[in-house]
Amino acid sequence: MPLLISRLTKRIFLCLLTLALVSVLSPDGAQAGEFGNLGYAIDESAPHSRSHVLVQLGPGTDARSVLGSESRLFAKGWFRVEVPPGETPLTWATTLSKRSGVLTAELDPVFERLATPPFAANDPLYVSGGGNPAAQWHLHAVNVDGAWQGTVGADTVVAVLDTGVSAGPDGFCHPLVWEYDAVTESTGPGSAADEDGHGSHVAGSIAQCSGNATGGAGMAPEARVLPVDVFAGNLASTGDVVQGIDWAIAHGADVINLSLGGDNGLHSTAMDGAIARAIAANVLVVAASGNEPVGVFYPASHPDVLAVGATHINNGVAGYSARGTGLDVVAPGGDQSGPIWQETGGTYKGFSGTSMAAGHVSGAAALMRAMHPTATWDQVRSAINCSAKDLGQGGWDWSTGNGLLDAGSAVEQLGLMVAFGTTGCVDPPPGAGDRVGSVEPATGIWRLHEGGFTTHQFYFGNPGDFGFMGDWDCDGVDTPGLYRQSDGYVYLRNSNTQGVADVAFFFGNPGDVPLAGDFDGDDCDTVSIYRPSEARFYVINQLGSADKGLGAADFSFLYGNVGDKPFVGDWTGDGIDTPGLRRDSDGFVYLRNTNTQGVADVAYFYGDAGDVVFAGDWDADGDDTLGLYRPSNGYVYLRNTNTTGIADYQFPVGAGKHPVSGEK
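Now for a quick tour of the structure. Keep in mind the model is a prediction, meaning the values are calculated, not measured.

Regarding the state of the cysteines
Inference 1: By the definition in use, this model includes three disulfides.
Inference 2: Covalent S-S linkage joins Cys173 and Cys209, the inter-sulfur distance amounting to 2.4 Å. The S-S bond linking Cys173 to Cys209 shows a torsion near 95 degrees; that makes this disulfide right-handed. Of this pair, Cys173 sits in the loop between β8 (157-162) and β9 (180-181) while Cys209 is found in the loop between α5 (198-207) and β11 (224-229), placing the two residues 36 residues apart along the sequence.
Inference 3: Linked covalently through their sulfurs, Cys386 and Cys425 form a disulfide whose S-S length is 1.9 Å. Across the disulfide from Cys386 to Cys425, rotation about the S-S bond amounts to roughly -80 degrees, and the bridge is consequently left-handed. Here Cys386, found in helix α9 (residues 377-387), pairs with Cys425, found in the loop between α10 (407-420) and β19 (435-440); they are 39 residues apart in sequence, far enough to count as distant.
Inference 4: Accessibility expressed as a relative area gives 55% for Cys425, which makes it exposed.
Inference 5: Sequence-ordered numbering of the bonded cysteines in the chain gives a disulfide pattern of 1-2, 3-4, 5-6.

Here we look at the environment of Arg381
Inference 1: With respect to the helices and strands, Arg381 occurs in helix α9.
Inference 2: Sequence spacing of Arg381 and Leu306 is 75 residues, and the spatial spacing of their C-alpha atoms is 6.7 Å.
Inference 3: In this structure Arg381 touches Leu284, Pro303, Asp304, Val305, Leu306 and Asp328, once residues within four positions along its chain are discounted.
Inference 4: Reaching out from Arg381, the side chain makes a polar contact with the backbone oxygen of Val305 at a distance of 3.5 Å.

What about the pattern of salt bridges?
Inference 1: Using the criterion set out here, one finds 15 salt bridges in the structure.
Inference 2: Between Asp465 and Arg484 there is a salt bridge, and its shortest N-O distance comes to 2.8 Å. With Asp465 in the loop between β21 (453-459) and β22 (466-470) and Arg484 in strand β23 (residues 479-484), this residue pair connects regions lying 19 residues apart in the sequence.
Inference 3: In this structure Asp465 comes out as buried when scored by relative accessible area, which is 8%.
Inference 4: Assessed through its relative accessible area of 16%, Arg484 is described here as buried.

Here we look at the sheet that holds strand β37 (residues 649-652)
Inference 1: The strand order β34-β35-β36-β37 describes an open sheet built from four strands, whose pairing is antiparallel. In this open sheet, the two strands that pair with only one neighbour each are β34 (612-616) and β37. Across the sheet, the mean angle separating the axes of adjacent strands is 20 degrees when strand polarity is ignored.
Inference 2: Bridging between strand β35 (residues 625-630) and strand β36 (residues 635-638) involves four bridges; their strand directions are antiparallel. Residue pairing in the sheet places Leu628 in a bridge with Tyr637 of β36.
Inference 3: In the packing of α10 onto the sheet, contacts are made with β36 and β37, and the angle to β37 comes to roughly 95 degrees.

Re the side chain of Asn595
Inference 1: Relative to the assigned elements, Asn595 resides in the loop between β32 (588-591) and β33 (602-605).
Inference 2: Within the structure, the side chain of Asn595 is placed 3.0 Å from the backbone oxygen of Asp577, a separation counted as a polar contact.

Regarding the sheet that holds strand β29 (residues 555-558)
Inference 1: Here we have four strands laid out as an open sheet, ordered β26-β27-β28-β29, and antiparallel in their pairing. Each edge of the sheet is formed by a strand with only one pairing partner; in this case those strands are β26 (513-517) and β29. With strand direction ignored, the average angle separating the axes of adjacent strands in the sheet is 25 degrees.
Inference 2: Sheet topology places strand β27 (residues 526-531) next to strand β28 (residues 536-539); three bridges connect them, and they run antiparallel. Looking at the pairing, Tyr530 lines up with Phe537 of β28.

Section: a negative patch on the surface
Inference 1: On the surface, a cluster of negative charge is contributed by Asp520, Asp522, Asp523, Asp554 and Glu663.
Inference 2: Mapped onto the secondary structure, Asp520 falls in the loop between β26 and β27.
Inference 3: The exposure class assigned to Asp520 is partly exposed, which follows from its relative accessible area of 35%.

Some points on the pairing of β19
Inference 1: The buried count for β19 comes to six of six residues, which makes it a mostly enclosed element.
Inference 2: Of the two faces of β19, both are covered, the one formed by Arg435, Gly437 and Val439 as well as the one formed by Val436, Ser438 and Glu440.
Inference 3: Where β19 lies against strand β38 (residues 658-662), five bridges are found, and the strand directions are antiparallel. Counterpart to Val439 in the pairing with β38 is His658.
Inference 4: Connecting the antiparallel pair β19 and strand β20 (residues 445-450) is a turn made up of four residues, with Gly444 showing a positive phi of about 80 degrees.

Describing the packing of aromatic side chains
Inference 1: A full pass over the atoms with the stated rule returns 18 aromatic pairs.
Inference 2: Plain terms: the ring middles of Tyr126 and Trp148 are 5.3 Å apart, the flat faces sit at 50 degrees to each other, and that makes the pair tilted. A residue pair is termed long-range when its members are at least 10 positions apart, and Tyr126 in the loop between β7 (102-109) and α3 (137-141) and Trp148 in helix α4 (residues 144-148) qualify at 22 residues.
Inference 3: Exposure remark for Tyr126: the relative accessible area of 6% places this residue in the buried category.
Inference 4: Consider the rings of Tyr180 and Trp247, whose centres lie 4.1 Å apart with planes at 10 degrees: the pair is stacked. Placement of Tyr180 in strand β9 and of Trp247 in helix α6 (residues 238-250) is noted, with a sequence separation of 67 residues between them.
Inference 5: Taken together, the ring pairs connect Tyr530, Phe537, Phe555, Phe557 and Tyr559 into an aromatic cluster.
Inference 6: Cation over ring: Arg531 sits above Tyr538, and NZ or CZ is 4.8 Å from the ring centre.
Inference 7: Looking at Arg630, its charged tip hangs above the ring of Tyr637, at a distance of 4.7 Å from the centre.

Rules and cut-offs
- Residues numbered from 1 in each chain as written.
- Predicted model: local features only at pLDDT ≥ 70, side-chain atom pairs only at ≥ 80, totals over all residues.
- Heavy atoms only, no water.
- Disulfide = S-S within 2.5 Å.
- Helix = DSSP H or I, 4+ residues; strand = E, 2+ residues; numbered from the N terminus.
- Buried < 20%, exposed > 50% of the residue type's maximum accessible area, 1.4 Å probe, protein only.
- Contact = heavy atoms within 4.5 Å.
- Polar contact = N/O pair within 3.5 Å; in protein donor to acceptor, adjacent residues only side chain to side chain.
- Salt bridge = Lys/Arg side-chain N within 4 Å of Asp/Glu carboxyl O.
- Pairing = 2+ DSSP bridges.
- Axes fitted to C-alpha atoms, helices over the stretch in contact; angles between N-to-C directions.
- Patch = residues over 30% accessible without salt bridge, like charges linked within 9 Å, V, L, I, M, F, W, Y side chains within 5 Å.
- Areas by Shrake-Rupley, 256 points an atom, 1.4 Å probe, with all protein chains shown as cover.
- Lys, Arg positive; Asp, Glu negative; His and termini not counted.
- Charge placed at Lys NZ, Arg CZ, Asp CG, Glu CD.
- Phe/Tyr/Trp six-rings, centres within 6.5 Å; stacked < 30°, edge-to-face > 60°.
- Lys NZ or Arg CZ within 6 Å of the ring centre and 35° of its normal.

All we've got here are geometric facts, nothing functional implied.
Here's what the structure looks like:
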């Protein structure tokens, strides 16, 4: 007989508790993000909807006969037409444009949203206030704010196989895509409308619209939700769930969330086959472990499914959470002392259960896949497991698995796995040392990295400016600086954020190379220069101000040969930065321990021709060592001793960058 998966009974689960309503929200500014009809077809490279195209029909044209059933009127004469499997929006618009009665067929361009990394949610239920914890304590518990520094889930699709999904007033930042009712086999907008709120609640944890100062937030606010209704009343048959999985695979899901399950003694060959097809399509399947403190339920117990247990507000394992063999991680599921708050049917309600916990992990997976789109499903799963915060004794244990979901660390760990081409856990670099930054000279975009994870992203300067970092206001934190070689101006900013310069002054000649460092040991950085035509360092121990130029350097000295590439660092740990040179002709670096003319105190071979050399204290031991940026592959290579050898650590920052480093 077919396996039945229950939705509401005690033994078989989707939600343990439905608690008191915390607030009823009637937001005025409905969706934070709109789709625009620009009145003309746009280039495919511009941002546009992937789920549908826009079509204008002539007067008297029958829409159903020309466009089929997958269309809906949204303005006089204009229809949204869903893109069928196997087509791209551009090819589908081209096909439709040739049909009789079609006046215009075009892509649906999208406007830029406010939710871009680094992102900070301003939603009332997410933000703590008056010394009280946020109602959405569960999002804070999994360090989603850390993940938001580099990703908000853009361009990922999460399929929610559940009771359906309906968008309330707070809604989702993007329209629902590829809605499907597996029971009735109906498609189109509204076909997977929620039966009782459970599916909408789970989807809210995954991708509730965030940053609109309304209601609450979700894990991946820029992800798109693909709703599949697999329930008929309180039960979902295996056949319908299998059909829903195949629908999700065929329509581009990156993650499939199964907040459903049956007794751990149950099994289905048909379900196993569907999971295998998802894995073959590189889709991560996440499932709730079960709402009884027994063995992990099926399909969470399947070896290729990421099984999620539940924690309560104090990060302990919820009493109802299933446990044992097959459990991967735990995530907030809540209980009566602190439920999970998400929009449900137009209001915010508190639900509890491993269903809710699974939604948090699926949301984290969407963040990860957006940040690292080349990652495989097993790298995503392994990164979640490797980065989880241990709640018990070291390593895996039967009640918490590998530990509590840490979204920020999971994004970073996935970057390391992709960089090293592995599914094994990769140790991150020491967290106390200097950080590496990368500047895109063509755009003025700065990114600050912790290993493979971007912690800050902002604009500063103009294309072509020469970037560097230093501690300009003596507060112990390095921030950006620019040297504009076209006019010899220095522009310094005192925070790692977008904005205008706090300090600007004229210094040097066009073509000079800026060198930021503390050259007199006063714990404040200044900007000196190296003049390539002379192979001479010019050192100044003060900053200009108010656009006033500087006079002569405090001192200067010759060092190296014309054509050498300069950098500075504190090689001895005495608090004073001194020069270094990279000579491409022989592959050697030459370090000097004083700011005087003379021969190198340290010389060794390091890197390849064309590598860009910079310096920092990567392991926080007090002295600077070298880093390399290799333009040919976009990788950074860091070494913890000033000796010949291979890198101690490496990670990608992308092609076409200029490396910088600084204290954090």
